[in-house]
Amino acid sequence: MSLFEKILGPKSKYDKSLPYTYEARVRIFEGSEEYNSYLADTICGLVEYLQQNGIKPDEVQIIEVYQQQEFPIDAKRFTTPDHQWLFKPDICRAFEDHYKGHIQADSCSFNDRDCKGSGP
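Owing to the predicted nature of the structure, the values given are computational and were not obtained by experimental measurement.

**A short note on the overall build of the chain**
Thinking step 1. The helix and strand inventory of the chain stands at three helices and seven strands.
Thinking step 2. Helices and strands appear in the chain in the N-to-C order α-β-β-α-β-β-α-β-β-β.
Thinking step 3. With respect to the three principal axes, the spread of C-alpha positions in the chain is 45 × 30 × 25 Å.
Thinking step 4. When the 120 residues of the chain are sorted by exposure, 38% land in the buried category.

**Examining the sheet that holds strand β1 (residues 21-27)**
Thinking step 1. In spatial order, the strands read β4-β3-β1-β2-β7; together these five strands make up an open sheet with antiparallel pairing. Since the sheet does not close on itself, it has two edges, and those belong to β4 (70-72) and β7 (117-118), each with one partner.
Thinking step 2. Along the sheet, helix α2 (residues 43-52) contacts β1, β2 (35-40), β3 (60-65) and β7; its crossing angle with β2, the most-contacted strand, is approximately 130°.

**Looking at the nonpolar core**
Thinking step 1. Counting residues in hydrophobic clusters, the biggest one holds 27 residues, and the most contacted among them are L50, I62 and I91.
Thinking step 2. Elements represented by at least two residues in this core include exactly β1, β2, α2, β3 and α3 (90-95).
Thinking step 3. In terms of residues, this core owes the most to one element, α2, which gives six residues.
Thinking step 4. Dropping the residues within four chain positions of it, L50 is found in contact with A24, Y38, I55, V60, I62 and W85.

**Concerning the packing of aromatic side chains**
Thinking step 1. Going through the model one piece at a time under the given rule, you end up with six aromatic pairs.
Thinking step 2. Where Y66 meets F71, the ring centres are 5.8 Å apart and the plane angle is 75°; that geometry is what we call edge-to-face.
Thinking step 3. Over the ring of Y20 we find K13, and its NZ or CZ is 3.9 Å from the ring centre.
Thinking step 4. Geometry around F95 places R77 over its ring, the cationic atom sitting 5.9 Å from the centre.

Conventions and cut-offs
- Residues numbered from 1 in each chain as written.
- Predicted model: local features only at pLDDT ≥ 70, side-chain atom pairs only at ≥ 80, totals over all residues.
- Heavy atoms only, no water.
- Helix = DSSP H or I, 4+ residues; strand = E, 2+ residues; numbered from the N terminus.
- Buried < 20%, exposed > 50% of the residue type's maximum accessible area, 1.4 Å probe, protein only.
- Pairing = 2+ DSSP bridges.
- Contact = heavy atoms within 4.5 Å.
- Axes fitted to C-alpha atoms, helices over the stretch in contact; angles between N-to-C directions.
- Core = buried A, V, L, I, M, F, W, Y, C linked by side-chain atoms within 4.5 Å.
- Phe/Tyr/Trp six-rings, centres within 6.5 Å; stacked < 30°, edge-to-face > 60°.
- Lys NZ or Arg CZ within 6 Å of the ring centre and 35° of its normal.

Take a look at the structure:
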């Protein structure tokens, strides 16, 4: 890790065309407006963390969090046709057109980020 990254964090977090982070919202109980939040700097890291913690794709809403706004992500981008989690490299391919020019077969603009997830 360079001195720049140690002080200011990953360079890709300053790219306004990319989400700053990702948030998964899981309702505390069905019908409730309250939810638990899980966070990761990459979508692949968040999906891996959710899977490791026994959270299923149909229990979650994943949000792209930009510096000034947030957008829900269509579950088709991070799940298989039978509603299972997508993992690397398949999840990368699913987001290539969404983040044009940032995810390619041999490179990814998110490579400078920590892939670890966290949650409540």
